[in-house]
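Overview (structure and organization)
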Amino acid sequence: MPADVFVLNGVNLRTLGQRRPEVYGTLTLNDIEILLKDAFPAMEFQFRQTDYEGEMVGFIREAAESGGLVINPGAWTHYSYALHDALEAVLVPKVEVHLSNVHVREGWRRHSVVSPAVDAVIAGMGAEGYRAAVAYLQSRRHGS
Ligand code: DQA
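This is a predicted model, so every value here is computed, not measured.

1. Looking at the pattern of salt bridges
When the charged atoms of two side chains lie near each other, side chains of opposite charge can form a pair. For the structure on display, the rule yields 7 salt bridges. As a salt-bridge pair, Glu33 and Lys37 come within 2.6 Å of each other at their nearest N and O atoms. Linking Glu33 with Lys37, this pair stays in helix α2 (residues 29–39), spanning 4 residues, or about one helical turn. Overall, the relative accessible area of 19% leaves Glu33 in the buried class. Where Arg48 meets Glu62, a salt bridge forms, and the shortest distance between an N and an O atom there is 3.1 Å. Of this pair, Arg48 sits in strand β2 (residues 45–49) while Glu62 sits in helix α3 (residues 53–62), placing them 14 residues apart in sequence. Through salt bridges with shared partners, one network takes in Arg105, Glu106 and Arg109.

Okay, structure coming up:
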């Protein structure tokens, strides 16, 4: 049984670091990957990003045999029923993460169509939210 944790980043997250740093912070996606690997040296990470919704569905399905998944779907959060359905079909612990606090931003960002298909949601903690999400998956694996 693979112990991997999947960390999946959706549309436009490749530009992290340059894209609206006042909202999303100055760390790049690569910085976040390093931060997680340093914080959880015993864990194996599958750290991915895609701007293609179908490819993200494939990543989610791949995570079906894993120790759990963290997903920041980017703007897909707000309208992708395809990602909702893909997440719903995968029975591992799942955490939705947003760097920004989507609830204090534009009205359309306040609703997530994927949240009903995950176990937990984190928003507004920046990169720290990813670390908290992985800590949660770790605690689920140890049965707490
Ligand atoms: C985001 C919030 C989304 O509304 C936005 O479209 C993103 C990033 C976040 O991490 O805060 O691309 O998911």
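2. Regarding the environment of Gly126
With respect to the helices, strands and loops of the structure, Gly126 is situated in the loop between β5 (120–123) and α5 (128–141). Taking the relative accessible area as the measure of exposure, Gly126 reaches 18% and is therefore buried. For the pair Gly126 and Glu88, spaced 38 residues apart in sequence, the C-alpha separation works out to 25 Å.

What counts and what doesn't
Residues numbered from 1 in each chain as written. Predicted model: local features only at pLDDT ≥ 70, side-chain atom pairs only at ≥ 80, totals over all residues. Heavy atoms only, no water. Salt bridge = Lys/Arg side-chain N within 4 Å of Asp/Glu carboxyl O. Helix = DSSP H or I, 4+ residues; strand = E, 2+ residues; numbered from the N terminus. Buried < 20%, exposed > 50% of the residue type's maximum accessible area, 1.4 Å probe, protein only.

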